Every structure is written in structure tokens, then in C-alpha cells.
Amino acid sequence: MFKRPLTQIIAHRGSKGTRPENTLSAFQAAIDAGADGIETDVQLTRDHQLVIMHDERVDRTTDGTGYLKDFTLAELKDLDAGHFFSPEYAGTPVPTLDEVIQLLIRNDFQGVFNLELKTNKIPYPGIEQRLAGYFQRQSVPFRVVFSSFRAKSLITLRALYPEAEYAKLFKTAGQQARRMQRRHQVGALHPDIHWVKANRFWLPHVQLRPWTVNNEADMTYCFRHHFAGMFTDYPARAVAVRAEIQG
Ligand code: G3P
Ligand code: MG
């Protein structure tokens, strides 16, 4: 009998709920939990290196202060990106994109790697060229999905690197996102779960991967609607919920 594909569990910033977000420790925990995918956020340092961090400022997740764009990679590497989560993780560094990719390769990761370009507030001129160059040099044995709230970043990168998959992130502008999907052929939409539920936005022909799905009720909602995927801070919890529902 035909079985619909399982909703993929994508670890948001790694296993953000149980480890300091966007660190190698968080990505390793996501792999160990059995996540089908990993989501993370990329930005550019002052010396144009591709690094992993969610906020445009380093203040919330490190012991430094200021905008990431004003740090060189060496300066960023001096910061502590673990202590804010728990003293147990003191000394955990901010990873580069390459360090994350090498961790996934070492773990024989075969899932989906979703890299979000954090270009909606600071456009980081040249980041798309850097990413295309990186992925052209470094072949990876897993699926790569680029996403962004900024459509222009996706269009620019897609022209340089059409081999990857593309997804539009959005909070509320569903119509705009669907137009984007049709015109620019992004393969999927990544909406806020609250917006999805409020608008009953679950068209069968649209690949949806809502974020951020952390409680069992929202997880169950995504699994029951057979969404393509979902982002969660708690991949181990999602694996357990899915096993109960989908077997
Ligand atoms: O990619 C899903 C989600 O990460 C988008 O929001 O702010 O957590 O990067 P944010
Ligand atoms: Mg993100």
C-alpha cells in the first residue's frame, strides 16, 4: 500500500532547546537525536568569512557586544557562545559554515541541510557569491536547501548555484510567498506555524515546512497534515511524537 512520506524533522539551529544554539554541540545533538535535517543561519564577518549565528548582534548568545559584521573571524573565535545557555558549555566557539559541513560529513549525515541566509536586516553584499563558491568547491553528500526572508538573496544565489533547492521564509505574507514560489520556482515555503494554523494554510500541492514547532500539539498537527517538514528546537521530542503517530 502507498504510504505518504514522513514529515521530516528539521533541528532548528541544531537542537536549540537542549544545547547552545548554532554550535557544533547543538548540531551533534540533533544528529544523535535522529533528526532528518538541520537548519542553521549564515552571516558574513568583516573579513568576509561565512559564519553561523542567528542574531545580527553577538550580544544575546556570546560574551561579546556589537554587530557580527564588525568582527573579523579571529575576533569572533575569541567569543564564548556556550555560557549564555549554561555554564556547562562555557568555551564553546562560534562555528564557521565549513566547520558545520565537516561535522555533518564526519557523521555521514544524509538528511536535509537548510541554510538560512540572514540577509533580511543586513544584506551582506557578496554573501551569495561566497556561498555559491563554497558549495561549488566543497561537494556535499546531502541535500542543501537555501532559505531566506529576503527574496532577492534567493534569486541571486539561485542564478549562481541552481543545483540546490530553494525555499521562501515568511511570517504573514502568504500571497507574496506563493507568488514567489510560482515565479521563481522555489520548491517550498517555510511559514510560521502560528500563521499556518490561523489561516489553515495547508494546500496539498505546496511543500510546507513550518517553524518553530516545539509542543506536542503543534508537532501532531504537522504530522497529521503530512507537511513536508517542520523545524523544531526539540528534535528528540519530535522523533518520539512521530513514532507514536506515523509508526
Ligand atoms: O528557518 C526557520 C527559522 O529559522 C526562521 O526563523 O528567526 O529562527 O531564523 P529564525
Ligand atoms: Mg533560521
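Our subject in this report is the structure included herewith. (Residues numbered from 1 in each chain as written. Chains lettered and ligands numbered in written order. Predicted model: local features only at pLDDT ≥ 70, side-chain atom pairs only at ≥ 80, totals over all residues.)

To continue, consider the overall build of the protein. Scanning the protein for helices and strands turns up 9 helices and 8 strands. Over its C-alpha atoms, taken along the principal directions, the protein stretches across nearly 55 × 40 × 35 Å. Sorting the 247 residues of the protein into buried and exposed places 46% on the buried side. Of all intrachain contacts in the protein linking residues separated by at least 6 positions in sequence, the fraction that spans at least 24 positions is 54%. (Helix = DSSP H or I, 4+ residues; strand = E, 2+ residues; numbered from the N terminus. Buried ≥ 20, exposed ≤ 12 C-beta atoms within 10 Å, placed from the backbone. Contact = placed C-beta atoms within 7 Å.)

This part is about the packing of helix α4 (residues 127–137) against helix α5 (residues 151–160). At a closest axis distance of 9 Å, the pairing of α4 and α5 adopts a crossing angle of 35 degrees. Seen along the crossing, α4 lies across α5 with a hand that is right-handed. Every residue of α5 that contacts α4 at E128, Q129, L131 and A132 is listed here: S153, T156, L157 and L160. (Axes fitted to C-alpha atoms, helices over the stretch in contact; angles between N-to-C directions. Left-handed = near helix turned anticlockwise from the far one by under 90°.)

On to the pairing of strand β1 (residues 8–12), then. Among the 5 residues of β1, 5 are classified as buried, and the element is accordingly described as predominantly covered. Residues Q8, I10 and H12 of β1 are buried on one face, and the alternating residues I9 and A11, pointing to the opposite face, are buried as well. Where β1 and strand β8 (residues 229–232) come together, 4 bridges link them in parallel fashion. Residue pairing in the sheet places A11 in a bridge with T232 of β8. Both β1 and strand β2 (residues 37–44) contribute to a ladder of 3 bridges, which runs parallel. Opposite I10, over in β2, you have G37 as the bridge partner. (Pairing = 2+ DSSP bridges.)

This part covers the site of ligand 1. The immediate surroundings of ligand 1 are formed by H12, E39, D41, H54, E116, S147, L169, H190, W211 and F231. Taken together, the residues that form the shell around ligand 1 break down as 3 nonpolar, 4 polar and 3 charged. (Near = placed C-beta within 6 Å. Nonpolar A, V, L, I, M, F, W, Y, C, P; charged D, E, K, R; others polar.)

Following both chains from N to C, one finds helix α8 (residues 216–224) and helix α9 (residues 235–246) inclined at 50 degrees, their axes separated by 10 Å at the closest point. In terms of axis orientation, α8 runs oblique to α9. Like other packed secondary-structure pairs, α8 and α9 cross with a definite hand, here right-handed. In this structure, α8 uses E216, M219, T220 and F223 to contact α9, whose residues at the interface are A238, V241, R242, I245 and Q246. Residue classes in the contact of α8 with α9 are distributed as 5 nonpolar, 2 polar and 2 charged. (Parallel < 35°, antiparallel > 145°, perpendicular 65-115°, else oblique.)

Among the secondary structure elements, N214 is positioned in the loop between α7 (193–199) and α8. Separated by 134 residues in sequence, N214 and D80 have C-alpha atoms that sit 26 Å apart.

Note that L208 resides in the loop between α7 and α8. C-alpha of L208 to C-alpha of S25: the two residues are 183 residues apart in sequence and 28 Å apart in space.

Let's shift gears to the nonpolar core. Ranked by size, the top nonpolar core spans 65 residues in total, and within it I10, A30, A35 and M230 carry the most contacts. Counting residues per element, this core draws most heavily on helix α1 (residues 24–33), which supplies 7 residues. Here A30 is in contact with A11, G14, S15, A35, I38 and P235, once residues within four sequence places are set aside. (Core = buried A, V, L, I, M, F, W, Y, C linked by C-beta atoms within 7 Å.)

With an omega of -20 degrees, the peptide bond running from W211 to T212 counts as cis. Tracing the sequence through the fold places T212 in the loop between α7 and α8. With a phi angle near 55 degrees, D108 is a residue other than glycine that sits in the positive phi range. As for its placement among the helices and strands, D108 is situated in the loop between α3 (97–106) and β4 (112–117).

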